[in-house]
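Descriptive analysis of the structure
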Amino acid sequence: MTIKDVQRRIRRLMTVQGDNAELVKAQYRAFTRQMPMMYFILLSSTWALALTHMGLAPHWLTLGVPSVLSLGCLLRVTFWFRTRNVDPSPALAHAALQRTNRLAGGIAVAFTLWSFALVPYGDAYTRSHVAFYMAITVISCIFCLMYVRSAAFIVTLVVNGAFIAFFVSTAQPTFVAMAINIALVCAGMMSILLTNYRNFETMVVSKQRSDALSDENFRLANLDSLTALGNRRAFFAKLEAELEKARVGGRRLALGVIDLDGFKPVNDLYGHSVGDRLLVNVAKRLSETLKASTAFRLGGDEFAIIAPFPPENDQLVANANTIAARLGEPYQMPEGIVHISASMGIAVFPDLALSCEELFDRADYALYHAKKRQRGGAVLFNADHENKINVDARIESVLKQADLDAELSLVFQPIIDITDGSLIGFEALARWDSPTLGRVPPTRFIPIAERAGMVCALTRPLLRKALAAARTWDSPLRLAFNLSAHDLNAYDAVLAIVGIINGSGFDPQRLDLEITETALTHDFAQITHAVETLRRLGCGISLDDFGTGYSSLTRLHALPLTKLKIDRSFVTDLHQKPSSYKIVKSLLALSADMGLDCVIEGVETKEELAALKTLGGSQVQGYVFSLPLTAEAAGALAAQSARPLGKFAV
């Protein structure tokens, strides 16, 4: 070891190190707890020594000097008392400990000189008291200073160094023995002090590491590992905290919930790795676009934004549309240019939402409307939505208590082959006549039943009634019946449908079960298994509302489909809309290439019908032929179609 290394170690022992901020703060807190005891021991011992020298030494030594020293100590006690509850910064704690280090040397010198000044007065007993005072008092103070290692070393060197040197110089055997004894005790004390300080330092460092690990675990538990945004857990914690701040501050808080339109086809077409990279790019754009707001990834392709200082509603919606437009710009990927859009639902506290749950539910409800009516844009939850929620809640409550067998009924819309005007079959459409609410349209009660998880309870009585009515029709007339994704998502629900079909007496090969494209966004493996089960039974499988969802050709090929149904949104004013004309033409060509039948629904005018005939469409349903019929009227039409010349005029 070189001289420089020794000097470096000595400097380190004699100074307060500031390279570990948490260690400095821990030293500061430990010292403030032990400091009152140190000054109590010092002052009580000092006045005890002063009293034994009363009448022996001058008053300025027995009263004056102790009073001055006591005043200085009391000032330090007052300072520490005033700062005892302060959580100091690392810099402030380091400065206070450095000041303590300097003062420790000064105080040690002052008390040592005073005690030496008393040695000439009195007899051997009073001189022994001085020795006892210096030995015991300094030992006590050293232990009180153990968390400020450098100060303890300074006090030891000043007091005990002077003590040992002075009493050895007396050449009096007793004092020399005491000096040697104190030297040995001090060496042992300093060894213990160093060990305790190292343990203290190790404990602080270990706690630092433990806290750092805990903080890292907390960060990871609240972080979406893919996008580096806060995850669902972090989102709800932040929302709760910001809502409380907004409530206390009497200000507004906005929440936006975002869902990506067209993300699932990207996964299907390019694979999940590309989908993940797309989500990373979406998160990056979202973070770059936001200023005072915070973005989170809730899961899948769903994101959220918490805006603690939202502008007025009109500007808020405009800002949200700007964000949606930015997210909807093309993404340049190595595999090609990817196009998606982003729909957003917004809710504002305290406007129509007073809790975290209400705020999230209303933003999610607004998102549902955005995806349904304003895909790629933003919708702000408003009073109309509030009224609709209340109405929906009323419908759901009544629906749960309804006698479904008695209240549910069916009407049947004819499906026509326009090449010869013959009747192909009927599509069964649900109706609900509630004694409480009156007639509720299926566009209202079926989505409510799906959200409430009770649509399977509607499907079963409706399917039984549809099959009973169709059993009276002559072959080869077909029955088309709609299934919800919930009817296919559970194995038990599929078995119940199979049991109803088998027990109906109706030929399954004349039954077309219709599923929507949105059903394919659920558990695709389970949907595929359910469809294959129904297909093995002999049922036809139709993909309803084709063209309005995000079905990929890969998924279409994976399902044993027999028919596509083109949504009426493409048929309305078909003869006046070149884009709709081209879409229908392409869909007809696609179904032909895949060897599937194609039914065009929602045909309402002769002009639309004529345009479809020029495109080569053959199977059609809509008001241009007939409104939905009761079971009796459908039976009569079925009987008429079985007779010669029973055809529709087309």
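Below or above, wherever it landed, is the structure these notes cover. (Residues numbered from 1 in each chain as written. Predicted model: local features only at pLDDT ≥ 70, side-chain atom pairs only at ≥ 80, totals over all residues. Heavy atoms only, no water.)

**Regarding the layout of surface pockets**
Each pocket or cavity is described by its volume, and for the second largest pocket that value is around 410 Å³. Elements represented by at least two residues in the lining of the second largest pocket include exactly β1 (253-261), β3 (302-307), α11 (313-327) and β6 (341-349). With five residues, the single largest contributor to the lining of the second largest pocket is α11. Grouping the constituent residues of the lining of the second largest pocket by class yields 15 nonpolar, five polar and one charged. (1 Å grid on protein atoms, 1.4 Å probe; cavity = no way out; pocket = protein on both sides within 12 Å on 5 of 7 lines; lining within 4 Å. Points joined across faces, edges and corners; volume = space filled by probe spheres on them. Helix = DSSP H or I, 4+ residues; strand = E, 2+ residues; numbered from the N terminus. Nonpolar A, V, L, I, M, F, W, Y, C, P; charged D, E, K, R; others polar.)

**What about the packing of helix α8 (residues 232-249) against helix α12 (residues 356-373)?**
Axis separation between α8 and α12 bottoms out at 10 Å; the angle between their running directions is 120 degrees. Classified by the angle between their axes, α8 and α12 sit oblique to one another. The two elements α8 and α12 meet at a crossing, and its hand is right-handed. Facing α8, whose interface residues are Arg-232, Phe-235, Phe-236, Leu-239, Glu-240 and Leu-243, α12 presents Cys-356, Leu-359 and Phe-360. Taken together, the residues of the contact of α8 with α12 sort by class into seven nonpolar, no polar and two charged. (Axes fitted to C-alpha atoms, helices over the stretch in contact; angles between N-to-C directions. Parallel < 35°, antiparallel > 145°, perpendicular 65-115°, else oblique. Left-handed = near helix turned anticlockwise from the far one by under 90°. Contact = heavy atoms within 4.5 Å.)

**Quick notes on the pairing of strand β9 (residues 422-434)**
Counting buried positions along β9 gives 12 out of 13 residues, so the element sits mostly inside the fold. Bridge count for strand β8 (residues 408-417) against β9 is 10 bridges, and the pairing is antiparallel. In the sheet register, Asp-417 faces β9, and the bridge partner there is Ser-422. Linking β8 back to β9 in an antiparallel pair, the connection comprises four residues, with Gly-421 at a positive phi of about 80 degrees. Alignment of β9 against strand β11 (residues 478-482), held across three bridges, turns out to be parallel. Bridging across to β11, Gly-425 finds its partner in Arg-478. Looking at chain direction, β9 and strand β10 (residues 438-440) are connected through three bridges and run antiparallel. Directly across from Trp-432, in β10, lies its bridge partner Val-440. Linking β9 to β10, which pair antiparallel, is a turn of three residues. (Buried < 20%, exposed > 50% of the residue type's maximum accessible area, 1.4 Å probe, protein only. Pairing = 2+ DSSP bridges.)

**Observations concerning helix α21 (residues 578-593)**
Helix length check: α21, at 16 residues, gives a terminal C-alpha distance of 22 Å against a target of 22 Å (1.5 Å per residue), a fit within 8%. Ser-580, Val-584, Leu-587, Leu-588 and Ser-591 are the residues of α21 that are buried. Axial view of α21: buried residues confined to an arc of 100 degrees, hence all on one face. Seen from the open side of α21, the exposed residues pointing more than 90 degrees away from its buried face are Pro-578, Lys-582, Lys-585, Ala-592 and Asp-593. Contacts from the buried residues of α21 go to β13 (540-546), β14 (563-566), β15 (597-600) and α22 (606-615). Gly-595 sits one or two positions beyond α21 and adopts a positive phi of about 70 degrees. (Expected span 1.5 Å × (residues − 1). Arc of directions from axis to C-beta.)

**Some words on the pairing of β11**
Relative to strand β12 (residues 511-516), β11 runs parallel, the two being bridged by four bridges. Residue Phe-481 lies in a different strand from β12, and its bridge partner there is Leu-513.

**Observations regarding a nonpolar patch on the surface**
The grouping of Leu-51, Met-54 and Leu-63 at the surface amounts to a nonpolar patch, some 260 Å² of accessible area in total. Relative to the elements of secondary structure, Met-54 occurs in the loop between α2 (21-52) and α3 (59-82). (Patch = residues over 30% accessible without salt bridge, like charges linked within 9 Å, V, L, I, M, F, W, Y side chains within 5 Å. Areas by Shrake-Rupley, 256 points an atom, 1.4 Å probe, with all protein chains shown as cover. Salt bridge = Lys/Arg side-chain N within 4 Å of Asp/Glu carboxyl O.)

**Some remarks on a negative patch on the surface**
On the surface, a cluster of negative charge is contributed by Glu-240, Glu-357, Asp-361 and Asp-364. With respect to the helices and strands, Glu-357 occurs in helix α12. (Lys, Arg positive; Asp, Glu negative; His and termini not counted. Charge placed at Lys NZ, Arg CZ, Asp CG, Glu CD.)

**Things to note about the sheet that holds strand β2 (residues 294-299)**
On the basis of which strands lie adjacent, the open sheet formed by five strands has the order β2-β3-β1-β6-β7 and mixed pairing. Across the chains shown, the open sheet's two edge strands, defined by having one partner strand only, are β2 and β7 (378-380). Strand-to-strand, the axes of this sheet are offset by a mean angle of 20 degrees, without reference to chain direction. Lying on the sheet, helix α10 (residues 272-289) is in contact with β1, β2 and β3; it crosses β3 at an angle near 10 degrees.

**Looking at the nonpolar core**
In a soluble, globular protein the nonpolar side chains are often hidden away together inside. Counting residues in each nonpolar core, the largest one holds 78 residues, and the members touching the most others are Phe-412, Phe-426, Trp-432, Leu-479, Phe-481, Leu-511 and Leu-513. Counting residues per element, this core draws most heavily on helix α16 (residues 455-470), at nine residues. Apart from the residues within four sequence positions on either side, Phe-481 is in contact with Ala-428, Thr-459, Leu-462, Leu-463, Ala-466, Leu-511, Asp-512, Leu-513 and Glu-514. By size, the runner-up hydrophobic cluster in this structure holds 52 residues, among which are Ala-93, Met-146, Val-148 and Ile-182. (Core = buried A, V, L, I, M, F, W, Y, C linked by side-chain atoms within 4.5 Å.)

Functional significance is not addressed by these values, which are geometric in nature.
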